[in-house]
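Residue-level listing of the chains:
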Amino acid sequence: MTNREVAELLRQIAELLEIKGEIVYKSLAYRRAADNIEALGRDIVEVWREGKLRTIPGIGEALAKKLDELFRSGHMEYYERLLEEIPPTLPSLLAIPGVGPKTANLLWRQLGLLTVADVERAARAGQLRDLPGLGVRSEERILEGIESLYRRSERIPLGTAWPIAQELIAALREAVPAVHLETAGSLRRMRDTVGDIDLLAAAEDTEQVAKAFAALPQVAQVLGQGATKASVRLQNGLQVDLRVVETRYWGSALQYFTGSQAHNISLRELAQKQGLSLSEYGYKRGDEEIPCATEEQVYRLLGLEWIPPELREDRGEIEAAQQGQLPHLVAFGDLRGDLHVHSRWSDGASSLEEMVQAAVERGYDYVAVSDHTESLAIANGKNWEGFQEQRREIAQLQARFPQIRILQGAEVEIKADGSLDFPGEMLAQLDIVIASIHSGLRQEEAQITARVIKAMRNPHVDILGHPSGRILGQREASAVNLDQVIQAAAESGTILEINSIPDRLDLDDVYIRQALRKGVKLAINSDAHSTSGLDAVRYGVATARRGWARAEDIVNTMPLEELLTLLLARRG
DNA sequence: GCCGTTTTCGGCCCGACTGTTTTCAGTCG
């Protein structure tokens, strides 16, 4: 079972327990355990085999026992018993905005409703208004909730949301004076996908800002607007929430609205131990109010360093901040080159010269052109002859662009049996070799893992490209066991790629962190297929930061000579 | 169900909003 599957099971149990009416802390415990399993970065079944389940935060005696039964037998009796008590479809009602566990229970017990369609039918027939605690308004609200559920859009990739948010911020700045204006929520934490766009402003006249926001030309529909907030839907369907606070609350509010929720809960628990209560309005000690104008103040009052938003997921950052052990995270400006770009030689839209020119404009010291190889015919992959021809063009360009070093690379296909498109003596003539999988992604775990590791052990392979193969919103990661891939990388010295294409972001934050724990080196690559694609590294850097990466963990922050020495050493 | 520089038992985050309520329960982020 994958970590995600185990986490999903625990979350289902949490929902069933809520509907059943168990004390809320029990379901909270299941959710916390689920979150921590998902953020583990290693195979939970492995942890179980080592007998170390209890070392995972949030897993105590009872959960360890249940998971042990699950991994041993494939069943969890507790879960199966719950499903006999509570109809399995009932948790689906919780997806209706406005319907929580109490209402779901009520709808089931009183009217026998089991699905969203059941609820819709009953609501339209006017059967909900007479239930205890509900009325006509509730019935309407539930119907509205069902309609919005049908319309509900998927989470959107960071790479889609981020530029839109920047554009809105610029437009709002133009329209109205605000002292502060920033993104908040999962967008500020740079999660790989976001549910909506959250913006936060501080101003003297809060209502003026909310009004100006609702009146922006990008806005298609105003969902709600008051003195301190506005919710809108954009022309492109995205929902954006803006909140406006007084300047003296800026720090407290920005901290609060950035989240994550788990991070905030842990922070408030810490505050509580120190006799303080923390909210978006700052601290309270008894009747004394302590608003914070900066985020630094929020953290400092608890004895913490300021925590970068990308780390705020309650994955140990608070403890690290307490001890002054937060990592100095890699930054955009640390990158000295890009090791994975394409050109018109394979499936790129820009010429080699245009790509080199664009890399120069970005201030890079080096760029590796890594076009596809022959068996990826769909991407116009080139044979060895093609690469030799390309080398002559690179030599000519190099003479014209002395300010940047142009490396010849290749994105070599890992074939179904783990062999590569080119033999060793050819690969040895390239400056850098990225090995990637683009086909046979459905192989089962053992096969695809062995295939990838075989390629990694090839001394001519420098980098493993987009290791999981996921495409956000379209394709799940392959079955490859990243635990074993990371272990193999640690042993062979293979560099793992953080592919920056917005719907890849692969490796993801969780496995980046695990790779770093094992001392594996990473490369933040754009995988650009046109000149503008080079800027995607912004998202790769953000993902690296979410994985706690420092500049020294990323090979393309190195000066050219150092990088070349590293590559040579690896090839022996 | 978890967990311990106040605890191995008794706690477990905070505030806003809404609707159904005469003081609060449920939901949400």
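Heads up: the structure comes first, above all this text.
Residues numbered from 1 in each chain as written. Chains lettered and ligands numbered in written order. Predicted model: local features only at pLDDT ≥ 70, side-chain atom pairs only at ≥ 80, totals over all residues. Heavy atoms only, no water.

1. Section: the sheet that holds strand S9 (residues 282-285)
No. 1: Strand order in the open sheet formed by three strands is S8-S9-S10, and the pairing between neighbours is antiparallel. Edge positions in the open sheet fall to strand S8 (277-279) and strand S10 (288-290), since each of these has one partner strand only. Averaged over all neighbouring strand pairs, the angle between strand axes comes to 25°, with direction disregarded.
No. 2: The sheet contact formed by S9 and S10 spans three bridges and is antiparallel. Bridge pairing in S10 links Arg285 to Glu288. (Pairing = 2+ DSSP bridges. Helix = DSSP H or I, 4+ residues; strand = E, 2+ residues; numbered from the N terminus. Axes fitted to C-alpha atoms, helices over the stretch in contact; angles between N-to-C directions.)

2. A word on the protein's contact with DNA strand B
No. 1: Surveying the vicinity of DNA strand B reveals 41 residues, the closest of which are Gly60, Gly98, Thr103, Arg137 and Arg268.
No. 2: Restricting the count to atoms of DNA strand B within 4 Å of the protein gives a sugar and phosphate share of 72%.
No. 3: A distance of 3.2 Å is found between a phosphate oxygen of DNA strand B and a side-chain nitrogen or oxygen belonging to Lys26.
No. 4: Here a phosphate oxygen of DNA strand B sits 3.0 Å away from a polar atom, N or O, in the side chain of Tyr30.
No. 5: At the level of elements, helix H2 (24-38), helix H4 (61-73), helix H6 (101-111), helix H8 (136-151), helix H13 (261-273) and S8 are the ones that each hand at least two residues to the surface near DNA strand B.
No. 6: With five residues, H13 is the single largest residue contributor to the surface near DNA strand B.
No. 7: Residues belonging to the surface near DNA strand B are distributed by class as follows: 19 nonpolar, twelve polar and ten charged. (Near = heavy atom within 4 Å. Polar contact = N/O pair within 3.5 Å; in protein donor to acceptor, adjacent residues only side chain to side chain. Nonpolar A, V, L, I, M, F, W, Y, C, P; charged D, E, K, R; others polar.)

3. Description of helix H21 (residues 509-517)
Since the α-helix advances by 3.6 residues per turn, residues separated by three or four positions end up pointing in the same direction.
No. 1: Within H21, eight of the nine residues are buried, which leaves it mostly tucked inside the rest of the structure.
No. 2: Buried within H21 we find Asp509, Val510, Tyr511, Ile512, Arg513, Gln514, Ala515 and Leu516.
No. 3: Residue Asp508 occupies the N-cap position of H21, its side-chain oxygen lying 3.2 Å from the main-chain nitrogen of Val510.
No. 4: Downstream of H21 by a residue or two, Gly519 has a phi angle that is positive, lying close to 75°. (Buried < 20%, exposed > 50% of the residue type's maximum accessible area, 1.4 Å probe, protein only.)

4. A closer look at the nonpolar core
No. 1: If you look at the biggest cluster of nonpolar residues, it comprises 62 residues, and the most contacted ones within it are Ile404, Leu496 and Leu522.
No. 2: With six residues, helix H16 (residues 352-361) is the single largest residue contributor to this core.
No. 3: Apart from the residues within four sequence positions on either side, Ile404 is in contact with Val356, Ala359, Val360, Tyr364, Asp365, Tyr366, Val367 and Gln398.
No. 4: Core analysis: the second largest hydrophobic core is formed by 52 residues, Ile19, Met76, Leu134 and Leu149 among them. (Core = buried A, V, L, I, M, F, W, Y, C linked by side-chain atoms within 4.5 Å. Contact = heavy atoms within 4.5 Å.)

5. Looking at a nonpolar patch on the surface
No. 1: A cluster of nonpolar residues, Ile23, Val24, Tyr25 and Leu28, forms a patch on the protein surface that exposes about 440 Å² of accessible area.
No. 2: Assignment of secondary structure puts Val24 in helix H2.
No. 3: Exposure remark for Val24: the relative accessible area of 53% places this residue in the exposed category. (Patch = residues over 30% accessible without salt bridge, like charges linked within 9 Å, V, L, I, M, F, W, Y side chains within 5 Å. Areas by Shrake-Rupley, 256 points an atom, 1.4 Å probe, with all protein chains shown as cover. Salt bridge = Lys/Arg side-chain N within 4 Å of Asp/Glu carboxyl O.)

6. As for the pattern of salt bridges
No. 1: Under the definition given, this model contains 36 salt bridges.
No. 2: In this structure, Asp35 engages Arg11 in a salt bridge whose closest nitrogen and oxygen atoms are separated by 2.9 Å. Here Asp35, found in helix H2, pairs with Arg11, found in helix H1 (residues 3-20); they are 24 residues apart in sequence, far enough to count as distant.
No. 3: Salt-bridge contacts for Arg312 lead to Glu295; the nearest nitrogen and oxygen are separated by 2.9 Å. Here the residue Arg312 occupies a position in the loop between helix H14 (295-300) and helix H15 (317-322), and Glu295 occupies one in helix H14, the gap between them amounting to 17 residues. No difference in accessibility class separates Arg312 from Glu295, as the two residues are buried.

7. Focus: the pairing of S9
Remark: a regular strand shows side chains that alternate across the two faces of the sheet.
No. 1: Bridge analysis of S8 against S9 gives three bridges, and the strand direction is antiparallel. Paired with Ser277 across the two strands is Lys284, which belongs to S9.
No. 2: Taken together, S8 and the strand that follows it, S9, pair antiparallel across an intervening segment of two residues.
No. 3: Connecting S9 to the next strand, S10, in antiparallel fashion are two residues, including Gly286 with a positive phi near 60°.

8. Observations concerning the side chain of Ser231
No. 1: By the element assignment, Ser231 lies in strand S6 (residues 229-234).
No. 2: A polar atom in the side chain of Ser231 sits 2.5 Å from the side chain of Asp241.
No. 3: Excluding anything up to four places from it in sequence, Ser231 contacts Gln221, Val222, Leu223, Gly224, Gln239, Val240 and Asp241.

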